[in-house]
Amino acid sequence: MKKYLIPTAAVVVAAALGTPYYLGVKAEESLTEQQKLLQESGFLTVESHQYDRGWFSSTETTVIRLKPTLLQNTQKYLPDNLKTVLQEPITVINHVTHGPFAGGFGTRAHVETEFQYHPETKKVLDRFFGQQKPLTMTNTVYLSGDGKLTLNIPAFDYEELSGIKLNWKGFGGNTDYSQGFKSYRHDYLAPSLQVKLADKGDVSLENLRFQSETEDGLTKLALGKRSITLDKFLLQWKENIDYNVKLNELVNLVTNLQIGAFINPTGTIAPSKIEVSKLRFDTQTGEVDKFINSEGRFQFESLTYGEDKYGPLDINVAAEHLDAASLLALKNKIAEVSVKKMSEEEIQASLIQTVKNEASGLFTNNPVLNVKTFKFTMPHGDVDVSGKLAFKGLAAKDLNNLGDMLKKTEADFNMSVPQKLLEQLAVNQASSLFSVNAEDEAAGRASIDDINETLRLMVDSTIKSMASEKYLTLENDNVKTHLTLQNSELKLNGKVLQSDPEPEFDEADFPNN
């Protein structure tokens, strides 16, 4: 009996001593995989990395910073305090305990992460967090290589003599991941933020939550679903705000049309408030062979803008049969330009060039844009649009000519839009084209209201004319039509839309001087 006892005890001791070391090796493998992902990210630079493995515990030290070129493109939009935090390096120290019980039964390792900040960064963070750690993170790696990462930012109350106040209720959540991060699930929540901008206004949000399930596809594109929800967002201001919205950039992305002067609204927003409740944005992306299908749904229950009430809103749009290789090319180009020192015009030109060349397959593989739902209740009435837009047989060279694109574009939409909305759109677009001489307005000879009323009458006249010709129907002050486009032929309610011919003039029509 004794002759078996000693070898058995030796095996048990060897296993007890050897298991933590072996799991330490496996833990290093897991953390090395995560380190590789960090190095491959498009926005971080790993300045140094060191792993010191011991028998029962190890230490991993990494120095990271945001890529300077990334900040060069975005820093003009950031406040000075945030610039300081983002510009300096951060030392990330992982204190690793390995063994089958390190993070509970069945684990390779448990990691407690310590963040060390540059003195200037620490000075800024201490103003908000005081003696609290601004960020805490733990990582439990299971025997299978799967794991769970938990992250938390603590709450704080901040106030300045200027009257600026911030009440932050914290942020936290976890990421569950598979071995090698081939798939992962996020779930993070920010319960509340209240900002008082002295006497200029207020900002607040409640229960901002992000959830996702992601896995790698065969085409190296991330697949899965994401959800962002927000219970309430409030912004109110007490001073005028100038705005300039560049809507033309979306159009210019794939065409050479220069129509910014007509669709770029500019002006001043008077003191008011915006309040949104029950906002939700969901996306889902999948792949079939070498093509991607992606769907997004944007909703909110209500929107208050000044005295006007909007909502509910429900937009559900799917992009189908998208060429995966082209999407990947566009994604890589976006990552590339984001870390280069480039002007907005240079970035735009680079992306357009990619869309028309390496990523042209997005248009040449018969993609379909499916507007499943677009319903919006507005003060003017209800908007209801649904239908499909498809490119069929489009070639890369067609992207340089709008006429050639239209020949291979098919559309089929049912539309219902309030007439008052169309009138208001005409007024808004014209506001950047017309002006009234101050002397004439003061003398009562003309005013911007006269111009606006004229525009409304013109829209009303056009709608009635088109209704009489059966291009559309009027029902409860809503303009309804069935729009189709095929072979460059546009039909409304099944009738080919024909514009009136330009009048012809002869020299005899003009009086002699």
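Up top is the structure.
Residues numbered from 1 in each chain as written. Predicted model: local features only at pLDDT ≥ 70, side-chain atom pairs only at ≥ 80, totals over all residues. Heavy atoms only, no water.

### A few points about helix H7 (residues 324-338)
Count 3.6 residues to each turn of an α-helix, and residues three or four apart come out pointing the same way.
Inference 1: Helix length check: H7 (15 residues) gives 21 Å between terminal C-alpha atoms against 21 Å at 1.5 Å per residue, within 8%.
Inference 2: Regarding H7, the residues found buried are Ala-324, Ser-326, Leu-328, Leu-330, Lys-333 and Val-337. (Helix = DSSP H or I, 4+ residues; strand = E, 2+ residues; numbered from the N terminus. Expected span 1.5 Å × (residues − 1). Buried < 20%, exposed > 50% of the residue type's maximum accessible area, 1.4 Å probe, protein only.)

### Notes on the nonpolar core
Inference 1: By size, the foremost hydrophobic cluster in this structure holds 31 residues, and its most contacted members are Phe-128, Phe-156, Leu-166, Phe-300, Phe-376, Met-378 and Val-383.
Inference 2: Tallying contributions element by element places helix H4 (residues 119-129) first for this core, with 4 residues.
Inference 3: The residues contacting Phe-376, other than those within four sequence positions of it, are Phe-300, Tyr-310, Gly-311, Pro-312, Leu-313, Gly-381, Asp-382 and Val-383.
Inference 4: Counting 16 residues, the second-largest nonpolar core is a separate cluster that includes Leu-221, Leu-223, Leu-351 and Phe-391. (Core = buried A, V, L, I, M, F, W, Y, C linked by side-chain atoms within 4.5 Å. Contact = heavy atoms within 4.5 Å.)

### Considerations on the packing of helix H3 (residues 80-87) against H4
Inference 1: With their axes 8 Å apart at the nearest point, H3 and H4 run at an angle of 130 degrees to one another. Classified by the angle between their axes, H3 and H4 sit oblique to one another. The crossing of H3 and H4 is left-handed. In contact with Asn-81, Thr-84 and Val-85 of H3, H4 contributes Glu-120, Thr-121, Val-124, Leu-125, Arg-127 and Phe-128. (Axes fitted to C-alpha atoms, helices over the stretch in contact; angles between N-to-C directions. Parallel < 35°, antiparallel > 145°, perpendicular 65-115°, else oblique. Left-handed = near helix turned anticlockwise from the far one by under 90°.)

### As for a nonpolar patch on the surface
Inference 1: A cluster of nonpolar side chains, namely Leu-208, Ile-228 and Phe-281, defines an oily patch on the protein surface of about 210 Å² accessible area.
Inference 2: The class of Phe-281 is partly exposed, set by a relative accessible area of 35%. (Patch = residues over 30% accessible without salt bridge, like charges linked within 9 Å, V, L, I, M, F, W, Y side chains within 5 Å. Areas by Shrake-Rupley, 256 points an atom, 1.4 Å probe, with all protein chains shown as cover. Salt bridge = Lys/Arg side-chain N within 4 Å of Asp/Glu carboxyl O.)

### Some words on the side chain of Glu-423
Inference 1: By secondary structure assignment, the location of Glu-423 is in helix H11 (residues 419-430).
Inference 2: Buried Glu-423, no salt bridge; nearest opposite-charge side chain is Arg-456, N-O distance 4.6 Å.
Inference 3: Glu-423 has contacts with Arg-456, Val-459 and Asp-460, leaving out every residue within four places of it along the chain. (Lys, Arg positive; Asp, Glu negative; His and termini not counted.)

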